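Residues per chain are reported as follows:
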Amino acid sequence: MADNQQLFQFLLRMGDNTLILGHRVSEWCGHSPILEEDIALANTALDLIGQTQMWLELAGEVQGEGKSADDLAFLRDVWDFRNVLLTEVPNGDFGRTMMRQFLFDAWHSIMLGRLLKSSDSRIAEIAAKASKEVAYHLERSGDTVVGLGDGTEESHARMQEALDYLWPYVGEMFASDDIDAAMVQAGIAPDPAGLRDEYDALVGRFLTEATLTIPDNNWAHKGGRTGAMHTEHLGHLLTQMQWLQRAYPGASW
Amino acid sequence: MEQPSVEQVWEWLDAVPDPEIPVISLVDLGIIRDVAWEGETLTVAVTPTYSGCPATSIINMDIETALRGHGIEKLELKRQLSPPWTTDWLSDKGRARLEEYGIAPPQPAGGPTRCPHCGGTHLEKLSQFGSTPCKAQWRCRDCLEPFDYFKCI
Ligand SMILES: [Zn+2]
């Protein structure tokens, strides 16, 4: 049986991924290349933040210290975040943002698919809700990666550059540790390492159609989901995301 | 006051418009999952459409305002996540009203069957996402008008 502390860490990993990526994607609001993309990105961010509320609310409950989802989102510092590094890297150009979204959506859809069968019914319920939304995210980010990859010379070059830059952040999503082992043993969540083949097949299918080349090197930046070391970008993101609660503690609408 | 029947409460709720698409009611939308009396307290189970839908809190407020207006004093709103909301729960009345309003109702095939303006069938998708999380943007190549499609989920 997994103890609550381990379950709490697992829930933070799920909720921090969607929180940090949701915040990153929301940075595009009002800046996208065209109106339809602006709306699509804003809606994707909204879904991710909504999912964050469910994950972090449950995390707070499991932690048992009376913390709300908002407390966990706005009052923790960098070292307490458990998102994978992929979600915190800066947006770059539109192509890199969509490539990051695609690489995350592919993992997210597979992970949520497994969590539907979680032995913890609270987790299975959240996964059932979120997986319907993520199916749309993946459809859109996948189509966009194909459209831009197999597009003009310029768009192709930028998408290849985005893939080369982001690929070293993919491996962390599949790096298992003792928390994952505890989740597997309790039937709560799958072993991330066991999702890799399905991921490679899914991602490979889209990237081939996009005429893009996956880098040979599978070396991976790690440290986000364990909290050992985030990139320097997360602190900057948090100063923006959390400033209101820090400047005016307890402020509410 | 005498406890109103559950049927009566459903009727009242069917008069509460969706805040974003006011031609359909919350009952039409299929998000009211249960109405029951637990002793003196009326409980209403509501399921969110999309987890991040900003209308969710407005919807809860509208339900509360409407029921308090009908004299309900002890009221508890419950969030019910499971089973997750599906567009299969849209009522037939709701689907017809959506189309009259210019929004193509959801289809199992994953796209609109006809243009809500002219009935044309030459349609193209502009974007998977529209003005609200539940809608996508499409265009009719017969009358050249854009329209919203209520996504199937
Ligand atoms: Zn038409």
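The sections below set out a description of the structure shown in this document. (Residues numbered from 1 in each chain as written. Chains lettered and ligands numbered in written order. Predicted model: local features only at pLDDT ≥ 70, side-chain atom pairs only at ≥ 80, totals over all residues. Heavy atoms only, no water.)

With that out of the way, let us pick up the sheet that holds strand E1 (residues 32-38) of chain B. All names here are of chain B. The three strands are arranged E1-E2-E3 in an open sheet whose pairing can be described as mixed. Every other strand in the sheet has two partners, leaving E1 and strand E3 (75-79) as the edge strands with one partner each. Neighbouring strand axes in the sheet, compared pairwise and without regard to direction, differ in orientation by 20° on average. Pairing analysis gives five bridges linking strand E2 (residues 41-46) to E3, with the strands arranged parallel. Among the inter-strand pairings, Val-46 is bridged to a residue of E3, identified as Arg-79. The sheet contacts of helix H1 (residues 6-13) involve E1 and E2, and relative to E1 the element is tilted by about 140°. Docked against the sheet, helix H3 (residues 55-69) engages E1, E2 and E3, running at close to 155° with respect to E3. (Pairing = 2+ DSSP bridges. Helix = DSSP H or I, 4+ residues; strand = E, 2+ residues; numbered from the N terminus. Axes fitted to C-alpha atoms, helices over the stretch in contact; angles between N-to-C directions. Contact = heavy atoms within 4.5 Å.)

Moving on, we come to the layout of surface pockets. In this structure, the largest pocket encloses a volume near 1,000 Å³. The wall of the largest pocket is formed by 25 residues, among which Ile-49, Asp-70, Phe-74, Met-241 and Trp-253 of chain A lie closest to the centre. For the lining of the largest pocket, the elements supplying multiple residues, two or more each, are helix H1 (4-26), helix H2 (35-63), helix H3 (69-74) and helix H9 (232-247) of chain A. A total of six residues in the lining of the largest pocket trace back to one element, the largest contributor, which is H2 of chain A. When the residues that make up the lining of the largest pocket are grouped by side-chain class, the tally is 14 nonpolar, nine polar and two charged. Counted as a void, the second largest pocket has a volume near 440 Å³. Surrounding the second largest pocket, 24 residues form its lining, Gln-53 of chain A together with Pro-48, Ser-51, Thr-56 and Arg-79 of chain B being those nearest its centre. Of all the elements in the fold, those that place two or more residues in the lining of the second largest pocket are H2 and H3 of chain A together with H3 and E3 of chain B. For the lining of the second largest pocket, the element with the highest residue contribution is H2 of chain A, accounting for six residues. In terms of residue class, the lining of the second largest pocket is built from eleven nonpolar, nine polar and four charged. (1 Å grid on protein atoms, 1.4 Å probe; cavity = no way out; pocket = protein on both sides within 12 Å on 5 of 7 lines; lining within 4 Å. Points joined across faces, edges and corners; volume = space filled by probe spheres on them. Nonpolar A, V, L, I, M, F, W, Y, C, P; charged D, E, K, R; others polar.)

It is worth spelling out the coordination of the zinc ion at this point. Residues and elements named next belong to chain B. Distances from the zinc ion to its protein donors, Cys-115 (SG), Cys-118 (SG), Cys-140 (SG) and Cys-143 (SG), fall within 2.3 to 2.4 Å. Taken together, the four donor atoms coordinating the zinc ion and their angles of 105 to 113° define a geometry best described as tetrahedral. Considered as a linear motif, the donors of the zinc ion on their single chain read C-x2-C-x21-C-x2-C. Taken together, the residues Cys-118 in the loop between strand E4 (103-104) and strand E5 (123-127) and Cys-143 in the loop between strand E6 (135-140) and strand E7 (146-150) connect sequence positions 25 residues apart. A relative accessible area of 26% places Cys-143 in the partly exposed class. (Donors = N, O, S within 2.8 Å, 3.2 Å for Na, K, Ca; no water. Tetrahedral: all angles 85-135°; square planar, octahedral: opposite > 155°, others 65-115°. Buried < 20%, exposed > 50% of the residue type's maximum accessible area, 1.4 Å probe, protein only.)

With that settled, the discussion passes to helix H6 (residues 153-166) of chain A. Residues and elements named next belong to chain A. The end-to-end C-alpha distance of H6 is 20 Å, a good match for the 20 Å that 14 residues give at a rise of 1.5 Å each. The set of residues buried in H6 consists of Ser-155, Met-159, Gln-160, Ala-162, Leu-163 and Leu-166. Taken end-on, H6 shows its buried residues confined to a sector of 160°, consistent with a single buried face. Every exposed residue of H6 that faces more than 90 degrees away from the buried side is listed here: Glu-153 and Glu-161. Against the buried residues of H6 lie helix H4 (94-115), helix H5 (121-149) and helix H8 (196-209). (Expected span 1.5 Å × (residues − 1). Arc of directions from axis to C-beta.)

Another aspect to go through is the packing of aromatic side chains. Residues and elements named next belong to chain B. This structure, assessed with the given rule, holds nine aromatic pairs over all chains. Centroid distance Trp-138 to Tyr-149: 6.0 Å. Interplanar angle 70°. Geometry classified as edge-to-face. With a gap of eleven residues between them, Trp-138 in strand E6 and Tyr-149 in strand E7 connect regions that are remote in the sequence. Of the two residues, Trp-138 and Tyr-149, both sit in the buried class. Through successive ring pairs, a cluster of aromatic residues spans Tyr-50, Trp-85 and Phe-150. We note Arg-33 situated over the ring of Trp-89; from NZ or CZ to the ring centre the distance is 3.4 Å. (Phe/Tyr/Trp six-rings, centres within 6.5 Å; stacked < 30°, edge-to-face > 60°. Lys NZ or Arg CZ within 6 Å of the ring centre and 35° of its normal.)

Turning to the pairing of E7 of chain B, a few remarks are in order. Residue and element names in this part refer to chain B. Pairing of E4 with E7 involves two bridges; the strand directions are parallel. Along E7, the bridge assignment pairs Ile-103 with Asp-148. Bridge analysis of E6 against E7 gives five bridges, and the strand direction is antiparallel. Each residue of the ladder has a partner; that of Lys-135, found in E7, is Phe-150. The antiparallel pairing of E6 with E7 creates a hairpin that spans five residues between the two strands, and Leu-144 there sits at a positive phi of about 65°.

This next bit is on the interface of chain A and chain B. Facing the 22 residues of chain A at the interface are 24 residues of chain B. Summing both sides of the interface, chain A and chain B together bury roughly 2,000 Å²; the carbon and sulfur share of this comes to 59%. Per-residue buried area on chain A facing chain B is highest for Lys-129, Lys-132 and Tyr-136 of chain A; these three make up 34% of the total on that side. Here chain A is connected to chain B by two salt bridges. Glu-57 of chain A is the salt-bridge partner of Arg-79 of chain B, the closest N and O atoms lying 3.2 Å from each other. (Buried area = accessible area lost by both parts, 1.4 Å probe. Salt bridge = Lys/Arg side-chain N within 4 Å of Asp/Glu carboxyl O.)

Looking now at unusual backbone geometry. With an omega of -5°, the peptide bond running from Ser-82 of chain B to Pro-83 of chain B counts as cis. Within the fold, Pro-83 of chain B resides in the loop between E3 and helix H4 (92-101). The phi angle at Thr-211 of chain A is positive, at roughly 55°, despite the residue not being glycine. Relative to the assigned elements, Thr-211 of chain A resides in the loop between H8 and H9. A positive phi angle, near 65°, is found at Leu-144 of chain B, a position not held by glycine. Considering the arrangement of structural elements, one finds Leu-144 of chain B in the loop between E6 and E7. The class for Leu-144 of chain B is exposed, based on a relative accessible area of 62%.

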